[in-house]
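Here are the chains, one letter per residue:
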Amino acid sequence: MSKESIKNNIRTLRFFNNEMTQQQLADKVGVTRQTIVAIEKGNYSPSLELAFKIAIAFNKPLEEVFSYHQEKSG
Amino acid sequence: MSFQEKRSIVSLFSNLLISILYLIYILKYHSTTNPLNNNDLAFWGGLILLLVPVKVFGKVVIHIIFLIINKIVTNEDEPNFSDELDKLIELKSLKIAFIIFMSGFVLSMAAIVVGYTASTMFVLLISSLILSEVAGDLSQIYFYRKGF
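A brief report on the enclosed structure follows.

Calculation notes
- Residues numbered from 1 in each chain as written.
- Chains lettered and ligands numbered in written order.
- Predicted model: local features only at pLDDT ≥ 70, side-chain atom pairs only at ≥ 80, totals over all residues.
- Heavy atoms only, no water.
- Helix = DSSP H or I, 4+ residues; strand = E, 2+ residues; numbered from the N terminus.
- Buried < 20%, exposed > 50% of the residue type's maximum accessible area, 1.4 Å probe, protein only.
- Contact = heavy atoms within 4.5 Å.
- Areas by Shrake-Rupley, 256 points an atom, 1.4 Å probe, with all protein chains shown as cover.
- Buried area = accessible area lost by both parts, 1.4 Å probe.
- Salt bridge = Lys/Arg side-chain N within 4 Å of Asp/Glu carboxyl O.
- Polar contact = N/O pair within 3.5 Å; in protein donor to acceptor, adjacent residues only side chain to side chain.
- Nonpolar A, V, L, I, M, F, W, Y, C, P; charged D, E, K, R; others polar.
- Arc of directions from axis to C-beta.

1. Quick notes on the overall build of chain B
A tally of regular secondary structure across chain B gives four helices and zero strands. Along the chain direction, N to C, the helices and strands of chain B fall in the order α-α-α-α. Dimensions along the principal axes, computed over C-alpha positions, put chain B at roughly 55 × 35 × 20 Å. Within the span of chain B, comprising 148 residues, buried residues form 36% of the whole. For chain B, the share of sequence-separated contacts (at least 6 apart) that also reach a separation of at least 24 residues comes to 81%. Total accessible area on chain B stands at roughly 8900 Å², and carbon and sulfur atoms take up 73% of it.

Given below as structure tokens:
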């Protein structure tokens, strides 16, 4: 069995972008703040389109914002 | 708590409140016999037909009251669009509600087949209708809280 997860650095990137608020990021990428909260907590994996929009908002390549992890267990 | 979570909780309570009050009113004042022994199909058909507009009207009124109170208390506006997460959660909760309603529908048909009365079938149908809406709202609250 393997457990898959997508991790993100959105909290850190917001901090280094003049402490951008979740609402500001949400407005930039066209979603609600609730969605940014869910992504940041790792509760929701965004669509590819939204992931790219978030990366563009931070002016970073996608892999610096999101990373894919596969943990083997059992 | 986010606006979406609050909206789902309000929807849950308005669903329960309107359904319970409506059923109490109809069964108490418009049913001449014990509802479980009432096999008048026109009565049950009318009950379900009227339930839909009553629910729509009641939910709209309660939603407007919620928006006003929420605006006064938190100064928060309703999001004027639904994004991909909202649409996914809506789809998932709709699927859960549909499965529950269809299970109730099949159960009510089975009740008729094994010899129960028409009133039993309608009680099962109305119960599954209300249960499916409650399950839909509960699942929305769960998905907004826990994610998926």
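2. Topic: the interface of chain B and chain A
If you look at the interface, chain B gives 15 residues, while chain A gives eleven residues. Among the residues of chain B in contact with chain A, D83, E84 and L85 of chain B are the three that bury the most area, contributing 47% of the side total. At the boundary of chain B and chain A, one finds zero salt bridges. Summed over the shared surface of chain B and chain A, the result is seven residue pairs in polar contact (both at pLDDT 80 or more). Listing elements by their share of the side of chain B that touches chain A, those giving two or more residues are α1 (3–29), α3 (84–113) and α4 (118–146) of chain B. The dominant element in the side of chain B that touches chain A, judged by the number of residues it contributes, is α3 of chain B, at four residues. Per-class residue counts for the side of chain B that touches chain A are six nonpolar, three polar and six charged.

3. Re helix α2 (residues 22–29) of chain A
Residue and element names in this part refer to chain A. Those residues of α2 not exposed but buried are Q22, L25, A26 and V29. Down the axis of α2, the buried side of the element spans an arc of 100 degrees, and every buried residue falls inside it. Residues D27 and K28 are exposed on α2 and point more than 90 degrees away from its buried face.

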